[in-house]
Amino acid sequence: MKRIITLFLLAFTLNSYSQQVPVLIPMPSELTMHSGNIDITSDAYISVSHPGLAKHAALLQSNLLSMHGIIVPVEPERTGNKISTWIRLAIDKNTDKNPEGYSLTIRDKRIMITGNSEAGLFYGIQTFLQLGDPRSDRMEPVAFPLTIPQLSITDSPRFKYRGMHLDVARHFQPVSFIKKYIDFLAAYKFNTFHWHLTDDQGWRIEIKKYPRLTQVGGYRNGTIIGRYPGTGNDSIYYGGFYTQEEIKEVVKYAAERFIDVIPEIEMPGHASAAIAAYPQLSCFPLESTKILESTPWAGSRKGKQVQQTWGVFEDVFAPTEYTFNFLEDVVDEVMLLFPSKYIHIGGDECPKESWKRSAFCQQLIRSKKLKDEHGLQSYFIQRMEKYINSKGKKIIGWDEILEGGLAPNATVMSWRGEEGGIKAATEKHDVIMTPGNWMYFDHSQSTNEDSVTIGNYTPLEEVYSYEPIPAKLANEKAKYILGAQANLWTEYIKNPAKVEYMIFPRITALSEVLWSPKEKRNWKDFESRLPGIFKRLDQQKINYSKAFYELKATVLPTENFTGLLWKLESTVNEPILVKVNNADSVWVYTGPQLITDKTFVAAANFKGTTLSQKFHFNKATGKKIVLANEASKGFPGDGPFTLVNGVQNEKALTRSREFLGFAGKDMEATIDLEQVQPVNSIILHVLEQTGSWIYRPTSVSFYASENGTDFTLLETVIVPKGKRHLLYETKKPVKARFIKVLAKNMGSIGSGKPGAGNPAWLFVDEIEVK
């Protein structure tokens, strides 16, 4: 009875709270709640302070109908004694405040939305539209009233650049969905849409002077099946592109919602589709595209080909006059379509192999007195920047454009962590932060994804925790951080439903990171609004991840290293049921579960989410382990204990938390078995996924010791190339208490390989001792 009363009081409290404070995303700068609600009834109307705002009134009217199923007319301000609910839209032209700011006041049947500019007015309308629950049956006849709380809001954004990206080169999306995507951005007050239009797998924008870019480069003969490198090829002729009229239509649609569309035309790398259309853009026009024999491929392998797989490819633009003339022609047409002051020119992941073996490129390096191929890339970017600047535009590039010297007026997108952004800001260049650990929405958001993703793990909480201004950046340089952006690469995202799933609800967290004052951001408060956010997404029929409700499990060592502790956590305040080894009995979880042998554990909570875990016990499981080198901050797993926690990875980077990642460093681990005992074999589990720059170790050495000081080398093992199941094992029997395993990192990735020139990743997930 006491529990029932408690739950009733809790429900009453939550219900009262929801009446008082609406579910707003992002949270406004200043919000004051007033007592009571008002109803928008059939006598309500919208008016504007001057005729130029009629388009905003029409947009508000359209949204009230589509979201809430009510028709509110636009009329001149009424006079007389009759009191009607009145929504008034106005601009405060005398303000010197943030132009994207607005105020919203709802009192006594008066709804006043005032913007510091038209953009501010638009954002005020977006906030107003969040005040009432959307109707799932909104296509039915008009239904009044719409009840909303009385309140006062004064609001403006923290960052002036608030971006979302979409890659349509890997998988094409129709114009209808691009508009829907823009609607998502507008609803959460983003002001920039970064449209990734060209890459190795497709050229998606019509260029009238070069029709083969879309006729040939816009299509591929097939696509690999499953995770790279693929289990086969679907052999489906695939592609599509946007006509220039469609581009104009999208740009106009976005502008009406105060969203700037930034096109990305990749150069000098990621150029396979363009080169397939015009081979003379290559350093070696007569050479066929290099395709590994092991790559599942559809159609001919001869000649220049649009890529059917993912990764980085060495056939890049040759820095010839023909290429520069071609690219200048392309950007001329692009600039006519996009009024944005920015053109994104990519600049990332450009292999240098073709340039190294090209006599023309080597002569160009000498004649221009460049240091090396990195200097040649800088020359390439700076030449294109000068041309684009001459047309009144600026360039944005990924942080690789820092290599060899940064173009004078370039803006940098920092994606390989934050260091590139810090370096660029220190050099007084504008920066947009988009580091992979927080801002890559193609990463899994669940530890139990049921479809293929690029891998890694970026949950909702991690997105919300991101701070775009790095702590190590001096205050006077912080002004160069314009804002941040999330990226959605679509190698494994084929359709609109999955696009929605991958961005929601993470886009709501990012909107608050970029808009709300830093001191207003509070995860617990955001978490309390999530049920309302999910309800709204359900009502709007938007597909989204429910990973927030998932059970989360952590494997911990026991105090005396004699077993494992399985700790479960849930965001839902309901009992967690636990069942072990298919036993008939089920019990309520009360704390970390002790696991002492090979066990299959299953658990479920009332939201219907389940979590299961297999444990593989051996002599090292649960024992004390020490690392000579710390794992990367980007892939820390659950600390060194990750390697002896009995959990063996089965889903590659979809379960990236099950790995320790070492960037350019060796992995050296020492395990204390607690007593001298027979050891018959030692096994190291590693991952190889070269498309993600994760490579097998060059060798693995196994050592044994009885005292922890004097180690004997048992064996050094090299796994033959081509072997996919990467287990390094020694079967030299020995008596030992301490086991040491040393895995040698490749170091710098060699030429001709994905990520060439960068530090290789070494990923390790488990050490077994038998």
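Engineer: It is not clear to me how the packing of helix α4 (residues 175–187) against helix α6 (residues 244–255) should be interpreted in this structure. Could you clarify?
Structural biologist: Helix-helix packing: each pair is described by the crossing angle between the helix axes and the interaxial distance. With their axes 10 Å apart at the nearest point, α4 and α6 run at an angle of 20° to one another. When the axis of α4 is compared with that of α6, the two are roughly parallel. The two elements α4 and α6 meet at a crossing, and its hand is right-handed. Across the interface between the two elements, V175, I178, K179, I182 and D183 from α4 touch E246, E249, V250, Y253 and A254 from α6. Here the residues of the contact of α4 with α6 sort into six nonpolar, no polar and four charged.

Engineer: It is not clear to me how the sheet that holds strand β31 (residues 682–687) should be interpreted in this structure. Could you clarify?
Structural biologist: Taken in spatial order, the four strands of this open sheet run β29-β36-β31-β34, and their pairing is antiparallel. Both edges of this open sheet fall to β29 (660–663) and β34 (727–730), since each of them pairs with a single strand only. The average undirected angle you get between the axes of adjacent strands in this sheet is 30°. Note that β31 and β34 share four bridges and pair antiparallel. Residue pairing in the sheet places H685 in a bridge with L727 of β34.

Engineer: What is the right way to look at the sheet that holds strand β5 (residues 110–115) in this model?
Structural biologist: The pairing of strands in a sheet happens through backbone hydrogen bonds and is either parallel or antiparallel. Strand order across the open sheet formed by six strands is β1-β6-β4-β5-β3-β2, with mixed pairing between neighbours. The open sheet is flanked by β1 (30–40) and β2 (45–48), the only strands paired with a single partner. Taking each pair of neighbouring strands and ignoring which way they run, the sheet shows an average axis angle of 20°. The pairing of strand β4 (residues 102–107) with strand β6 (residues 146–155) spans five bridges and is classified as antiparallel. What sits directly across from L104, in β6, is I153. Sitting on the sheet, helix α2 (residues 54–68) is in contact with β2, β3 (86–91) and β6, with an inclination near 160° to β2.

Engineer: Help me out: how do you make sense of the nonpolar core in this one?
Structural biologist: Side chains of a nonpolar character, in soluble globular proteins, are inclined to be buried together. Within the largest apolar cluster, 149 residues are counted, with the highest numbers of intra-cluster contacts made by F128 and W195. When residues no more than four places from it in sequence are discounted, the contact partners of F128 are I40, L60, L64, I87, L104, I106, I111, I113 and I148. Formed by 48 residues, the second largest nonpolar core is a distinct cluster that contains V601, M667, L684 and I767.

Engineer: Quick question: what am I supposed to make of the pattern of salt bridges here?
Structural biologist: Two side chains carrying opposite charge are able to pair once their charged atoms lie near each other. Across all of its chains, the model carries 35 salt bridges by this definition. A salt bridge links K770 to E768; the nearest nitrogen and oxygen atoms lie 3.8 Å apart. A relative accessible area of 42% places K770 in the partly exposed class. Here the residues in one salt-bridge network are D167, R170, D199 and E491, joined through shared partners.

Engineer: I tried to follow the packing of α4 against helix α15 (residues 496–503) on my own but got confused; where do I start?
Structural biologist: Running from N to C, α4 and α15 cross one another at 15°; their axes reach a closest spacing of 11 Å. Here α4 is positioned roughly parallel relative to α15, judged by the angle of their axes. The hand of the α4/α15 crossing is right-handed. Across from F177, K180, Y181 and F184 in α4, the residues of α15 making contact are P496, V499, E500 and I503. Tallied by class, residues from the contact of α4 with α15 come to six nonpolar, no polar and two charged.

Conventions we followed
- Residues numbered from 1 in each chain as written.
- Predicted model: local features only at pLDDT ≥ 70, side-chain atom pairs only at ≥ 80, totals over all residues.
- Heavy atoms only, no water.
- Axes fitted to C-alpha atoms, helices over the stretch in contact; angles between N-to-C directions.
- Helix = DSSP H or I, 4+ residues; strand = E, 2+ residues; numbered from the N terminus.
- Parallel < 35°, antiparallel > 145°, perpendicular 65-115°, else oblique.
- Left-handed = near helix turned anticlockwise from the far one by under 90°.
- Contact = heavy atoms within 4.5 Å.
- Nonpolar A, V, L, I, M, F, W, Y, C, P; charged D, E, K, R; others polar.
- Pairing = 2+ DSSP bridges.
- Core = buried A, V, L, I, M, F, W, Y, C linked by side-chain atoms within 4.5 Å.
- Buried < 20%, exposed > 50% of the residue type's maximum accessible area, 1.4 Å probe, protein only.
- Salt bridge = Lys/Arg side-chain N within 4 Å of Asp/Glu carboxyl O.

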